[in-house]
Amino acid sequence: MTLFDTLDILGTIAFAISGALSAMNRRFDLFGIFIIAFVTAIGGGTLRDVLISATPVSWMQNTVNLYLIGGVTMLSIIFRNKLNYLKKSLFLFDTIGLGIFTIIGVETGIQTNLAPIISIALGAMTGCFGGVIRDILCNEIPVIFRKEIYATASIAGGICFMILYTLNTPINLIYIITTLLIIIIRLIVVKYQVALPMFTVKNHKS
């Protein structure tokens, strides 16, 4: 098993936990928790595979991921009381998943011979889309559309990946550096409440 495969598994686990925690916070039933965990874990990868015409998509070809998501979700339910400060736990696992799935998306773009900017975009979609589906199904505004820096961290990681790849940096080192960069950016911006500017349109009274 390569480091790439290991990261894929870790990303799936992180996003599955993130989805399960989000569903439990919204008081979903057992079926709802499994559905949210599932779509959070495979949403980004499914979009990625559809965009590059890699069908059937990866989770349809590798049923191990389905069993992995199911097992992780069940463990999240069983040990839900051990996961103290659920909101912080949700943020942590969501951030780990974002970092790992971003590099998987960028790497897939490179292997498919896509242009660097498209590979970076593919990485951001892979990292963010599962969370978008999760938030929509949980009746929340997706985090990437709020002032909190999320997709920007993913894009920064993708750019870092491409630069290191161009410099012929060992691929395993690229995986580690890029993932850590995304996680660190997310931790810093949340801790210090760094946000992108927001713009609104004034309503003129007639």
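Remember, predicted model here, so these are calculated numbers, not experimental data. (Residues numbered from 1 in each chain as written. Predicted model: local features only at pLDDT ≥ 70, side-chain atom pairs only at ≥ 80, totals over all residues. Heavy atoms only, no water.)

Undergrad: I'm lost on the overall build of the protein in this one. Help?
TA: Scanning the protein for helices and strands turns up eight helices and zero strands. Start at the N end of the protein and walk to the C end: the helices and strands fall as α-α-α-α-α-α-α-α. The C-alpha radius of gyration of the protein comes to 17 Å, within 12% of the 17 Å expected for a compact globule of 206 residues. When contacts within the protein are restricted to residue pairs at least 6 apart in sequence, long-range pairs at least 24 apart make up 73% of them. As presented, the protein carries roughly 11600 Å² of accessible surface, and 67% of it is formed by carbon and sulfur atoms. If you average the places of the 14 positive and of the 9 negative side-chain charges in the protein, the two averages end up 16 Å apart. (Helix = DSSP H or I, 4+ residues; strand = E, 2+ residues; numbered from the N terminus. Rg over C-alpha atoms; globule rule 2.2 N^0.38 Å. Contact = heavy atoms within 4.5 Å. Areas by Shrake-Rupley, 256 points an atom, 1.4 Å probe, with all protein chains shown as cover. Lys, Arg positive; Asp, Glu negative; His and termini not counted. Charge placed at Lys NZ, Arg CZ, Asp CG, Glu CD.)

Undergrad: How should the environment of Met1 be read in this particular structure?
TA: With respect to the element layout, Met1 can be found in the segment before helix 1 (3-25). Given the relative accessible area of 76%, Met1 is considered exposed. When near neighbours in sequence (up to four residues on either side) are disregarded, Met1 contacts Thr6 and Ile9. (Buried < 20%, exposed > 50% of the residue type's maximum accessible area, 1.4 Å probe, protein only.)

Undergrad: It is not clear to me how unusual backbone geometry should be interpreted in this structure. Could you clarify?
TA: Excluding glycine, residues mostly carry a negative phi; peptide bonds, for their part, are mostly trans. Residue Pro56 follows Thr55 across a cis peptide bond; omega there is -5°. Tracing the sequence through the fold places Pro56 in the loop between helix 2 (30-51) and helix 3 (58-61). For Ser53, which is not glycine, the phi torsion reads 60° and is therefore positive. A residue is classified by how much of its surface remains accessible, and Ser53, at 60% relative accessible area, is exposed. Even without being a glycine, Asn139 presents a positive backbone phi close to 60°. With respect to the helices, strands and loops of the structure, Asn139 is situated in the loop between helix 6 (116-137) and helix 7 (151-166).

Undergrad: Sorry if this is basic, but what is going on with the packing of helix 1 against helix 4 (residues 64-78) here?
TA: Two quantities define a packed helix pair, namely the angle between the axes and the distance from one axis to the other. It is the contact of helix 1 with helix 4, at a shortest axis distance of 9 Å, that shows an interaxial angle of 45°. With respect to each other, helix 1 and helix 4 are oriented oblique. In the packing of helix 1 onto helix 4, the handedness of the crossing is right-handed. Contacts from Ile9, Thr12, Ile13, Ala16, Ile17, Ala20 and Met24 in helix 1 reach Asn65, Leu68, Ile69, Val72, Thr73, Ser76 and Ile77 in helix 4. Classifying every residue of the contact of helix 1 with helix 4 by side-chain character gives ten nonpolar, four polar and no charged. (Axes fitted to C-alpha atoms, helices over the stretch in contact; angles between N-to-C directions. Parallel < 35°, antiparallel > 145°, perpendicular 65-115°, else oblique. Left-handed = near helix turned anticlockwise from the far one by under 90°. Nonpolar A, V, L, I, M, F, W, Y, C, P; charged D, E, K, R; others polar.)

Undergrad: I would appreciate a short explanation of the packing of helix 1 against helix 8 (residues 171-191) in the present structure.
TA: Between helix 1 and helix 8, the least distance of the axes is 10 Å, while the angle of their chain directions is 25°. With respect to helix 8, the element helix 1 is oriented roughly parallel. Contact residues: helix 1 offers Leu3, Phe4 and Leu7, while helix 8 offers Asn172, Tyr175 and Ile176. In the contact of helix 1 with helix 8, the residues fall into five nonpolar, one polar and no charged.

Undergrad: Before we go on, may I ask you to explain the pattern of salt bridges in this structure?
TA: Side chains bearing opposite charge may pair, as long as their charged atoms lie close to each other. Using the criterion set out here, one finds three salt bridges in the structure. A salt bridge links Asp135 to Arg134, with the shortest nitrogen-to-oxygen separation between them at 3.0 Å. Within the structure, one salt-bridge network assembled from shared partners comprises Asp94, Arg134 and Asp135. (Salt bridge = Lys/Arg side-chain N within 4 Å of Asp/Glu carboxyl O.)

Undergrad: Got a minute to help me understand helix 1 in this structure?
TA: Note on helix geometry: an α-helix contains 3.6 residues per turn, so any two residues three or four positions apart are oriented the same way. Here helix 1 is 23 residues long and its end C-alpha atoms lie 33 Å apart, about the 33 Å a rise of 1.5 Å per residue gives. In the stretch just after helix 1, Arg27 is the one whose phi turns positive, near 60°. (Expected span 1.5 Å × (residues − 1).)

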